[in-house]
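# Observations on the model geometry
In case you want the letters, here they are:
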Amino acid sequence: MTASQSTASARGGAHDPRRTAVGESVSPRRAGAGGYDDDRPPPVHFAYDPWTWQEIAHLLANLPVSLFGFTYVMAVIVTGAAMSVTVIGLPLLALGLAGARLIGRFERGRARLLLGLRIDEPSPLPVQRAGGPLSWMWLALKDPVAWRTVLYDVIRLPWGILTFTVALTSMFVLWPVLPYLARGLANADRAMVRALLSPSDELERRIAELESDRGVVVDTAAADLRRIERDLHDGAQARLVNLAMGLGLAKEKLLEDPDAASAMVEEAHGEVKLALQELRDLARGIHPAVLTDRGLDAALSSVASRCTVPVKVTADLESRPAAAIEGIAYFTVSELLQNVSKHSRARSASVDVWRTEDRLLIQVWDDGQGGARLDGGSGMRGLADRLGAVDGLFVVDSPVGGPTTVTAELPWRERG
């Protein structure tokens, strides 16, 4: 796989479940509907089937439901807006908009039940992060979901009167063509619900991505802290404790047995060297000094020199990216080269890093046995999650028998 092919695959070919639109409207199949395509309403029938009766029930319920919604808007929303110059006006308006969200939820449920229209619920207001009553009130006042529900309730009253009248009259006068009338009016209802009550696909998708990415970042940071704590406790800390005990014993024997004390001091000196080496290794695992001082090219060359197979490193970067992006790129390549050393049985490997517009691209190739997968237990899934947390992409092309090409994309951010 070439670099351009990998990039194209990363951007369009790989299926990412988090890229699915959150607010997609689908008409699910139902028994008794005669079988119909998921993207269209069911075909109309002359006979009165259960599906037609559901639509008629929805049209008859439009009048009482729309009358309640219109009355709520006039009594609460309009009153709150008119009194917004007073102390209680804006809080009343904010509470009214919160209530409008509940009306919208009821209408979406009614459309799902009677019209077979699947409308996902919008994301709730971030009340826990509001920080106080004033912040919550501001969130409620600028809530687009609530305002679209208000608009829906205003325009629904004349429509509810029309659909109720037509459906009720047709049951007695135009009953032979009522299935066709019901289908046409129900389709108009579906269009209104989709237009005004469905969440914004792009916005909701982005919110879902950010919420997922935030969880990944928090979990990754917690895991890194636990790893550092474990390494300190089991490594350098234990050696320093032994060093303190050895020096204490040497101090006691200094006058009684100088030769034994000298041997203890010599042993303690060796412990100091080992503890310093472990601390250096730990610091390199947190953020290597060569990356800070000399950049990605030198840091990747250092990583490649520790790989068990020959690795050719090519870094075509005119400038350095932001420190966070540089660190993620470094640890991504480091993890991939560790996988090459442990699992690939390769004879050679290469690392290519370059910039394309606003993206930093990384490609790691080896001529090993292949078979690498995101769920293969080699840390690939964790790498994909880490890159996804910063709007990156991660694509693995590793057929059985090799070769393996891993392509990673990161957003390019200028170094501050």
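Up top you'll find the structure we're talking about.
Residues numbered from 1 in each chain as written. Predicted model: local features only at pLDDT ≥ 70, side-chain atom pairs only at ≥ 80, totals over all residues. Heavy atoms only, no water.

## Describing the overall build of the chain
- Helix and strand counts for the chain come out as twelve helices and five strands.
- Pairs at least 24 apart in sequence give 72% of the contacts found in the chain among residues at least 6 apart. (Helix = DSSP H or I, 4+ residues; strand = E, 2+ residues; numbered from the N terminus. Contact = heavy atoms within 4.5 Å.)

## Describing the sheet that holds strand β4 (residues 393-397)
- Sheet architecture is open: five strands sit in the order β1-β2-β3-β5-β4, paired in mixed fashion. Each edge of the open sheet is held by one strand with a lone partner, namely β1 (311-316) and β4. Taken pair by pair, the neighbouring strands of this sheet meet at an average axis angle of 10 degrees, ignoring direction.
- Alignment of strand β3 (residues 359-366) against strand β5 (residues 404-411), held across eight bridges, turns out to be antiparallel. Across the sheet, residue Gln-363 finds its bridge partner in β5, namely Thr-407.
- Contacting β1 and β2 (349-356), helix α10 (residues 296-305) crosses the sheet at an angle of about 170 degrees to β1.
- Sitting on the sheet, helix α12 (residues 380-388) is in contact with β4 and β5, with an inclination near 150 degrees to β4. (Pairing = 2+ DSSP bridges. Axes fitted to C-alpha atoms, helices over the stretch in contact; angles between N-to-C directions.)

## Observations regarding helix α11 (residues 323-344)
- Between the first and last C-alpha of α11 there are 30 Å, a value that for 22 residues agrees with the 32 Å anticipated at 1.5 Å per step.
- Once α11 ends, the next one or two residues include Arg-345, with phi positive near 55 degrees. (Expected span 1.5 Å × (residues − 1).)

## A few points about the pairing of β4
- Pairing between β4 and β5: five bridges, direction antiparallel. Each residue of the ladder has a partner; that of Leu-393, found in β5, is Glu-409.
- Linking β4 to β5, which pair antiparallel, is a turn of six residues; within it Gly-401 sits at a positive phi near 100 degrees.

## Brief notes about the packing of helix α3 (residues 89-115) against helix α5 (residues 144-170)
- One way to put it is that α3 packs onto α5 with a least axis distance of 8 Å and a crossing angle of 70 degrees. In terms of their interaxial angle, α3 and α5 are classed as roughly perpendicular. Where α3 crosses over α5, the handedness of that crossing is left-handed. Judged by residue contacts, Leu-93, Leu-97, Ala-100, Arg-101, Ile-103, Gly-104, Glu-107 and Arg-110 of α3 engage Val-145, Ala-146, Trp-147, Thr-149, Val-150, Tyr-152, Asp-153 and Arg-156 from α5.
- Grouping the amino acids of the contact of α3 with α5 by side-chain chemistry returns nine nonpolar, two polar and five charged. (Parallel < 35°, antiparallel > 145°, perpendicular 65-115°, else oblique. Left-handed = near helix turned anticlockwise from the far one by under 90°. Nonpolar A, V, L, I, M, F, W, Y, C, P; charged D, E, K, R; others polar.)

## Things to note about helix α6 (residues 178-197)
- Counted at 1.5 Å a residue, the expected span for α6 with its 20 residues is 28 Å, and the 27 Å between its end C-alpha atoms agrees.
- Taken together, the buried positions of α6 are occupied by Leu-178, Pro-179, Ala-182, Arg-183, Leu-185, Ala-186, Asp-189, Arg-190, Met-192, Val-193, Leu-196 and Leu-197.
- On its buried face, α6 sits against α2 (50-82), α3 and α5. (Buried < 20%, exposed > 50% of the residue type's maximum accessible area, 1.4 Å probe, protein only.)

## Re the nonpolar core
- Within the largest apolar cluster, 34 residues are counted, with the highest numbers of intra-cluster contacts made by Val-311, Leu-337, Val-351, Ile-362, Phe-394 and Leu-410.
- Looking at this core, the element that brings in the most residues is α11, giving seven residues.
- Not counting residues within four places of it along the chain, the set of residues in contact with Ile-362 comprises Ala-329, Val-333, Asp-352, Val-353, Val-406, Thr-407, Ala-408 and Leu-410.
- With 17 residues, the next largest nonpolar core counts Ile-56, Leu-115, Leu-117 and Leu-196 among its residues. (Core = buried A, V, L, I, M, F, W, Y, C linked by side-chain atoms within 4.5 Å.)

## Brief notes about the environment of Ile-77
- The topology assignment puts Ile-77 in helix α2.
- Aside from chain neighbours lying at most four places away, what touches Ile-77 is Tyr-72, Leu-93, Gly-96, Leu-97, Trp-147 and Val-150.

## A look at unusual backbone geometry
- Even without glycine at this site, Glu-357 takes up a positive phi of about 55 degrees.
- Topologically, Glu-357 is positioned in the loop between β2 and β3.
- Exposure remark for Glu-357: the relative accessible area of 66% places this residue in the exposed category.

## Side note on a nonpolar patch on the surface
- Where nonpolar side chains cluster on the molecular surface, the patch consists of Trp-53, Leu-168, Met-171, Phe-172, Val-173, Leu-174, Val-177, Tyr-180 and Leu-181 and spans about 840 Å² of accessible area.
- For Val-173, the position within the fold is in the loop between α5 and α6.
- Overall, Val-173 belongs to the exposed group, its relative accessible area being 57%. (Patch = residues over 30% accessible without salt bridge, like charges linked within 9 Å, V, L, I, M, F, W, Y side chains within 5 Å. Areas by Shrake-Rupley, 256 points an atom, 1.4 Å probe, with all protein chains shown as cover. Salt bridge = Lys/Arg side-chain N within 4 Å of Asp/Glu carboxyl O.)

## Section: a negative patch on the surface
- Judged by side-chain charge, Glu-252, Glu-256, Asp-257 and Asp-259 come together as a negatively charged surface patch.
- The residue Asp-259 is located in helix α8 (residues 258-286) in this model.
- Take Asp-259: its relative accessible area is 65%, and that puts it in the exposed class. (Lys, Arg positive; Asp, Glu negative; His and termini not counted. Charge placed at Lys NZ, Arg CZ, Asp CG, Glu CD.)

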